[in-house]
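Given next are the chains, with one letter for each unit.
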Amino acid sequence: MDIEKLVRENIRRLTPYSSARDDYKGKPGVFLDANENPYGTLNRYPDPYQQELRSAVARQKGVDKESLFIGNGSDEIIDLTLRIFGNPGTDKVMIFPPTYGMYEVSANINDLGIVRVPLNENFQINVTEAEKHFSDSSIKVMFICSPNNPTGNCMHPENIEYLVSQFRGIVLLDEAYSDFSDKPSFIRKTERYPNLVVMQTFSKAMGLAAARIGMAFADPAIIRYFNKVKPPYNVSGINQKAALSKIAEGISFRDQVKEIIRERERMAGEIRKLPLTRKVFPSDANFLLVKVTDADMIYEKLVNNDIIVRNRSSVVENCLRITIGTPNENDLLLEAV
Ligand code: PMP
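The shown structure was predicted, so the numbers you read here are calculated from the model rather than taken from an experiment.

Some thoughts on the overall build of the protein
Turning to step 1, where the next piece is worked out: What the protein contains, in helices and strands, is 13 helices and 11 strands.
Turning to step 2, where the next piece is worked out: For 337 residues, the compact-globule estimate of 2.2 N^0.38 gives 20 Å, and the protein sits close to it at 21 Å.
Turning to step 3, where the next piece is worked out: With the principal axes as the frame, the protein shows a C-alpha extent of 70 × 55 × 35 Å.
Turning to step 4, where the next piece is worked out: A burial count over the protein gives 51% of its 337 residues as buried.
Turning to step 5, where the next piece is worked out: Pairs at least 24 apart in sequence give 68% of the contacts found in the protein among residues at least 6 apart.
Turning to step 6, where the next piece is worked out: Charged side chains of the protein number 43 positive and 44 negative; the gap between the two group centres comes to 3 Å.

Examining the site of the ligand
Turning to step 1, where the next piece is worked out: Surveying the vicinity of the ligand reveals 13 residues, the closest of which are D174, Y177, T201, S203 and R212.
Turning to step 2, where the next piece is worked out: Contact between the ligand and N149: an oxygen atom at 2.8 Å from a side-chain N or O atom of the residue.
Turning to step 3, where the next piece is worked out: Contacts to the ligand include T201, whose side-chain N or O atom sits 2.6 Å from an oxygen atom.
Turning to step 4, where the next piece is worked out: Of the residues in the shell around the ligand, the class split is four nonpolar, five polar and four charged.

Overview of helix α6 (residues 102–109)
Turning to step 1, where the next piece is worked out: Along α6, the residues that are buried comprise Y103, S106 and A107. Taken end-on, α6 shows its buried residues confined to a sector of 100 degrees, consistent with a single buried face.

A few points about the pattern of salt bridges
Turning to step 1, where the next piece is worked out: Across all of its chains, the model carries 22 salt bridges by this definition.
Turning to step 2, where the next piece is worked out: Note that R266 is salt-bridged to E263, the shortest N-O span being 2.8 Å. Placement of both R266 and E263 in helix α11 (residues 252–272) is noted, with a separation of three residues, approximately one turn of the helix.
Turning to step 3, where the next piece is worked out: When the shortest N-O distance is used, the salt bridge between D331 and R266 registers 3.0 Å. Highlighted residues: D331 in helix α13 (residues 327–336) and R266 in helix α11, separated in sequence by 65 residues.
Turning to step 4, where the next piece is worked out: Assessed through its relative accessible area of 31%, D331 is described here as partly exposed.
Turning to step 5, where the next piece is worked out: The network of salt bridges with common partners includes R21, D33, E36 and R44.

Quick word on the nonpolar core
Turning to step 1, where the next piece is worked out: V57, M94, F96, M142, I144, L163 and F202 are the most contacted members of the largest nonpolar core, which has 54 residues in total.
Turning to step 2, where the next piece is worked out: With four residues, helix α4 (residues 51–61) is the largest single contributor of residues to this core.
Turning to step 3, where the next piece is worked out: Counting contributing residues per domain, this core is built from domain 1 (3–249) and domain 2 (252–336), each supplying no fewer than three.
Turning to step 4, where the next piece is worked out: If near-sequence neighbours (up to four positions away) are discounted, L163 is found in contact with F96, I125, V127, A130, F134, M142 and I144.

With respect to the domain arrangement of the protein
Turning to step 1, where the next piece is worked out: Taken as a whole, the protein is organised into domain 1 (3–249) and domain 2 (252–336).
Turning to step 2, where the next piece is worked out: Look at where the C-alpha atoms of domain 1 and domain 2 centre, and you get two points 29 Å apart.
Turning to step 3, where the next piece is worked out: At the interface, 20 residues of domain 1 touch 20 residues of domain 2.
Turning to step 4, where the next piece is worked out: For the pairing of domain 1 and domain 2, the buried interface totals around 1,600 Å² over both sides, and the portion due to carbon and sulfur atoms is 59%.

The rules behind each value
- Residues numbered from 1 in each chain as written.
- Predicted model: local features only at pLDDT ≥ 70, side-chain atom pairs only at ≥ 80, totals over all residues.
- Heavy atoms only, no water.
- Helix = DSSP H or I, 4+ residues; strand = E, 2+ residues; numbered from the N terminus.
- Rg over C-alpha atoms; globule rule 2.2 N^0.38 Å.
- Buried < 20%, exposed > 50% of the residue type's maximum accessible area, 1.4 Å probe, protein only.
- Contact = heavy atoms within 4.5 Å.
- Lys, Arg positive; Asp, Glu negative; His and termini not counted.
- Charge placed at Lys NZ, Arg CZ, Asp CG, Glu CD.
- Near = heavy atom within 4 Å.
- Polar contact = N/O pair within 3.5 Å; in protein donor to acceptor, adjacent residues only side chain to side chain.
- Nonpolar A, V, L, I, M, F, W, Y, C, P; charged D, E, K, R; others polar.
- Arc of directions from axis to C-beta.
- Salt bridge = Lys/Arg side-chain N within 4 Å of Asp/Glu carboxyl O.
- Core = buried A, V, L, I, M, F, W, Y, C linked by side-chain atoms within 4.5 Å.
- Domains from an automatic or database assignment.
- Buried area = accessible area lost by both parts, 1.4 Å probe.

Next comes the structure, spelled out in structure tokens:
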């Protein structure tokens, strides 16, 4: 598959911005090249390619540094992907609703059409329906979210791989919640499929949502395009440091993940017993999708008790999405309902 042919022509031809740190890569000296203030501790621009952080993440994930891009959260990576591959006004994306809302918003911002292939009753991808659109070469990017937000389940891995192998565009596989699941990541499959971009984030299991660190794993050819179109200093120095410290903490986040999964299963069991519950959907993520008797009313009552969940009834009828909190926070929710 020729990825170059999928890239927007103006992006292929683009001369990227060259920052002071691009122009000079030698050893540190008297820096008078970037119009920085010489005084202070945060006065210097950060490393535009986050070399130290990328080395640490590459080591942690067992991938080559050249196959890794760091974005200002996954949300930036979603937008950059659409900017690279989607011609505004003519091209389209494919999504499998109900799913993460930013795919659609980002497509709208980039003036791209949206082909929606709803998930089936088990919240799985309807592969036959998706395939019917494969002859439409204006569909440039397909978004697959696994585990999916807001439904919580993983897509069948064999369906994901089949779609990646058959679709002639880019597949952006969003694994934001994969640390809460025992299904294997698709990161290594990017070595086999040049059209696959796997996205992960420091915002969920790693507990760094405030630091805005998203990761994309893909063939180096795609990574080079991410670097070409990104704003020069897209990840702040403070945020790079925060992510590096989190990695240096080692596997301690794994204990938190185990605790969150234990709490998720406890909460699923407790919520199932409640008279207002119709269904608790199985979850591979750090939240539960719960079908209730009257989502709007229950949502309001919870807000009145200072407990805020996400009312998802506009996308899945009468459903609330409940993030797993600390055991104490979870108990407060159970008491309130
Ligand atoms: N993908 C999914 C599926 C999400 O639910 C979210 C956050 N709600 C994101 C991506 C955004 O992640 P980030 O904080 O890395 O931008």
